[in-house]
Amino acid sequence: MDRRSVIKNAGIAGVLAAGIAPAVHAQAAVRWRLASSFPKSLDTIFGTAEVFAKKVSDITGGKFQISVHAGGELMPAFGVVDGVQNASVEMAHTAPYYFYGKDPTFCLGCAVPFGMNARQMSAWMYEGNGLKLMREFYAKYNIINLPGGNTGAQMGGWFRKEIKTVADLKGLKFRTNPFAGKVLEPFGVVPQSIPGADLYPALEKGTLDALEWVGPYDDQKLGFNKVAKYYYYPGWWEGGPQLDFYINNKAWDALPAEYKAAVEAAASHAHVTMTAKYDARNPIALKQMVGTGTLLRPFSNEIMNAAFKSAQQIYAELNESNPEWKKIYPDYQKFLADQNAWFRFSEGLFDRFMQQQKL
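Residues numbered from 1 in each chain as written. Predicted model: local features only at pLDDT ≥ 70, side-chain atom pairs only at ≥ 80, totals over all residues. Heavy atoms only, no water.

### A few points about the overall build of the chain
A tally of helices and strands in the chain yields twelve helices and eleven strands. With the principal axes as the frame, the chain shows a C-alpha extent of 90 × 45 × 45 Å. In the chain, which comprises 359 residues, the proportion classed as buried is 50%. Across the chain, contacts joining residues at least 24 apart in sequence account for 77% of those joining residues at least 6 apart. Of the roughly 16700 Å² that the chain leaves accessible, carbon and sulfur atoms contribute 55%. Across the chain, the mean location of the 38 positive side-chain charges is 3 Å away from that of the 33 negative side-chain charges. (Helix = DSSP H or I, 4+ residues; strand = E, 2+ residues; numbered from the N terminus. Buried < 20%, exposed > 50% of the residue type's maximum accessible area, 1.4 Å probe, protein only. Contact = heavy atoms within 4.5 Å. Areas by Shrake-Rupley, 256 points an atom, 1.4 Å probe, with all protein chains shown as cover. Lys, Arg positive; Asp, Glu negative; His and termini not counted. Charge placed at Lys NZ, Arg CZ, Asp CG, Glu CD.)

Shown next as structure tokens:
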């Protein structure tokens, strides 16, 4: 009886008992490049892509290798959508709201002013219609997307002077994401879009009056507390900004099913890991910076209310003028409304109570 007959007639238990190893299809080695929008100095954001790549390698026994390249190494930090779309690289790791200029709809895959928090965003993506709707939008850019981390609610940023009223915003050269800049423009803010690696010298030299990046851990590493002392909160324009892994659709389609599963599992792992790192490290960094002179300031109700009204006006205009936006935003808005109703009764009250306790 030949080997094939043994396998056919004995079944897997008989094969193993007979000491005959069944033939296993060996996957071919795959090599991809990933272009990040972030500098290597940020072990949280840039490091999330490294966590992802390592997990893909681990799952596939080293057969699937992804090299990770910092912003500017293969292409400009804000050029990664073009790079993936044109197949210059197989994939990228970025913050979708950087590409507001291409279409504001990109921002719905990341964060919009007064939008979802991190948990709500993950819920919309994985259990709501978020992933489905965003993939329909990204298809015209030859992109498949996977959630790639979330910072949680960010800080409002570093300011050289106190900002107490809407009038104080006039003429302010402020580095922020493009959508937040659009909301602030009616108040005389001059929005600036500068990659993370270039922010410190711009603030130090006065090219910027203010900037926001992420939160205490990254901001301390970049040294912003050394050149500006007022640290405002909250970053109402990014209550739960999700990063994405962008994958060229043809590169994705060419992967065997096992490798696709590895990529999806590794992306989910990286997604959770990034939020955990920020939640663990931000409190320590904030204490350290306050201890060395950083002055924490909340945005006033006047500024918050004016910004909220400005954002709602922009959303109404986009619903009228942008068909891609209108396909997604109503679903996003309804999901957020339901989430806020739930969080008010559970997380919200619990968090407010606990934050008033002495532990």
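### So, the sheet that holds strand S8 (residues 210-211)
Read from one edge of the open sheet, six strands run S7-S6-S8-S5-S9-S11, paired in mixed fashion. Looking at strand neighbours, the two that pair on one side only are strand S7 (190-192) and strand S11 (295-298), the edges of this open sheet. Sheet topology places strand S5 (residues 157-159) next to S8; two bridges connect them, and they run antiparallel. Each residue of the ladder has a partner; that of Phe-159, found in S8, is Ala-210. (Pairing = 2+ DSSP bridges.)

### A short note on a nonpolar patch on the surface
Residues Phe-350, Phe-353, Met-354 and Leu-359 make up a contiguous nonpolar surface patch of roughly 480 Å² in combined accessible area. Locating Phe-350 in the fold gives a position in helix H12 (residues 323-355). (Patch = residues over 30% accessible without salt bridge, like charges linked within 9 Å, V, L, I, M, F, W, Y side chains within 5 Å. Salt bridge = Lys/Arg side-chain N within 4 Å of Asp/Glu carboxyl O.)

### With respect to the nonpolar core
Ranked by size, the top nonpolar core spans 109 residues in total, and within it Phe-52, Phe-179 and Trp-213 carry the most contacts. With eight residues, helix H10 (residues 257-291) is the single largest residue contributor to this core. (Core = buried A, V, L, I, M, F, W, Y, C linked by side-chain atoms within 4.5 Å.)

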